[in-house]
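# Descriptive analysis of the structure
The residues making up each chain are set out below.
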Amino acid sequence: MSSEGKGERFKLSRRSFLKASGVTGITVFATSLIKPKNLFKFPQKAKTVDNEGVITEKWINSSCLNCPARCATSIRVVNGKAVRIKGNPFSKVSEGEICPRGHIGLQVLYDPARITSPMKRTNPEKGRESDPHWEKISWEEALNEVSNKLQDIRNSGNPEQTVVFSGLNSRSDEDLIGRFVSAYGTPNLITGDSLEDESERVGRWLADGNYSHIA
Ligand code: SF4
């Protein structure tokens, strides 16, 4: 990762300071501290590139979920298809940088083996040697089945019997999942990002009460 330009937006020369404070006062000085220099301008509008037709291009801001750091990203989407991932220069945390793993997010997205719909286990027999016989089902069917089951367990008066497993999510999704299990009435939320990751979170929770990543 290049460190060139790192922290640039927080640098202010003596001359700039005098100029800013002398001409327009302390308000402008404060603004100059937080405004990034040389911002990369993302094209936001559709553009015509040739006579074949209109190519719609846009950049969508997101965050990388290839590790718990969750760096801020911007995704170039052409005709509805993501074609490039780069760091979001507006991020005050990652400052427009992402690691090589962040760039290969497209390979994860277009992996032919990626699971893209809910899967239902159809073999009631469980065990290491038993094929679960996973079958694709629609989102509507999955949501109905899960919500009915959740309702039954809650109505039985034992919501703690529900265990929720969750993978690596965005911070807002994690917050949502945490609130959901809390409202539902079960303390049994287990994240499966990775084992060492869970230890890190629990360690921090025990140390300062924050159940989150140190990063
Ligand atoms: S860009 Fe790299 S460091 Fe940042 S979240 Fe993705 S994998 Fe992690």
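None of the values given here were measured: they were computed from a predicted structure.

### As for the overall build of the chain
Counting secondary structure elements, the chain contains 7 helices and 9 strands. Looking at the chain as a whole, 24% of its 215 residues qualify as buried. Across the chain, contacts joining residues at least 24 apart in sequence account for 37% of those joining residues at least 6 apart. Working note: accessible area of the chain is about 15700 Å², and carbon and sulfur atoms make up 56% of it.

### Brief notes about the packing of aromatic side chains
In total, this model carries 1 aromatic pair according to the counting rule given. Ring plane angle 25° and centroid distance 5.9 Å describe the contact between Phe-180 and Tyr-184, whose orientation is recorded as stacked. With Phe-180 and Tyr-184 both in helix H6 (residues 171–184) and 4 residues apart, the pair spans about one turn of that helix. We classify Tyr-184 as buried; its relative accessible area is 7%. Seen from the ring of Tyr-110, Lys-81 lies directly overhead, with NZ or CZ sitting 4.4 Å from the centre.

### Notes on the nonpolar core
Among soluble globular proteins, nonpolar side chains are generally buried collectively. Ranked by size, the top nonpolar core spans 6 residues in total: Ile-75, Val-77, Ala-82, Ile-85, Ile-98 and Leu-106. Taken together, the elements giving at least two residues each to this core come down to strand E4 (72–78) and strand E5 (81–87). Once residues lying within four places of it in the same chain are set aside, the contact partners of Val-77 are Thr-56, Glu-57, Lys-58, Ile-60 and Ala-82.

### Quick notes on the sheet that holds strand E3 (residues 57–63)
Overall, antiparallel pairing links the 3 strands, which are arranged E3-E4-E5 in an open sheet. Taken across any chain shown, the strands that pair with only one partner, and hence form the sheet edges, are E3 and E5. Recorded for the sheet is a direction-independent mean angle of 30° between the axes of neighbouring strands.

### Regarding the environment of Ser-138
The residue Ser-138 is located in the loop between strand E7 (134–136) and helix H5 (139–155) in this model. We classify Ser-138 as partly exposed; its relative accessible area is 39%. Residues Ser-138 and Met-119, spaced 19 residues apart in sequence, show a C-alpha to C-alpha distance of 8.6 Å. A polar contact of 3.0 Å, which involves the side chain of Ser-138, links it to the backbone nitrogen of Glu-141.

### Digging into the site of the ligand
Around the ligand, the neighbouring residues are Cys-64, Asn-66, Cys-67, Ala-69, Arg-70, Cys-71, Ile-98, Cys-99, Arg-101 and Gly-102. Broken down by class, the residue content of the shell around the ligand amounts to 6 nonpolar, 2 polar and 2 charged.

### Section: the pattern of salt bridges
This structure, assessed with the given rule, holds 5 salt bridges. Residue Glu-174 is joined to Arg-70 by a salt bridge in which the shortest nitrogen-to-oxygen separation is 3.0 Å. Within this pair, whereas Glu-174 is found in helix H6, its partner Arg-70 is found in the loop between E3 and E4, the two being separated by 104 residues in sequence. For the pair formed by Glu-174 and Arg-70, the shared burial category is buried. Ionic pairing is found between Arg-179 and Asp-175, a salt bridge with its closest N-O pair at 3.1 Å. Note that Arg-179 and Asp-175 are positioned in helix H6 at a spacing of 4 residues, about one turn of the helix. What makes Arg-179 exposed here is its relative accessible area of 57%.

Cut-offs applied
Residues numbered from 1 in each chain as written. Predicted model: local features only at pLDDT ≥ 70, side-chain atom pairs only at ≥ 80, totals over all residues. Heavy atoms only, no water. Helix = DSSP H or I, 4+ residues; strand = E, 2+ residues; numbered from the N terminus. Buried < 20%, exposed > 50% of the residue type's maximum accessible area, 1.4 Å probe, protein only. Contact = heavy atoms within 4.5 Å. Areas by Shrake-Rupley, 256 points an atom, 1.4 Å probe, with all protein chains shown as cover. Phe/Tyr/Trp six-rings, centres within 6.5 Å; stacked < 30°, edge-to-face > 60°. Lys NZ or Arg CZ within 6 Å of the ring centre and 35° of its normal. Core = buried A, V, L, I, M, F, W, Y, C linked by side-chain atoms within 4.5 Å. Pairing = 2+ DSSP bridges. Axes fitted to C-alpha atoms, helices over the stretch in contact; angles between N-to-C directions. Polar contact = N/O pair within 3.5 Å; in protein donor to acceptor, adjacent residues only side chain to side chain. Near = heavy atom within 4 Å. Nonpolar A, V, L, I, M, F, W, Y, C, P; charged D, E, K, R; others polar. Salt bridge = Lys/Arg side-chain N within 4 Å of Asp/Glu carboxyl O.

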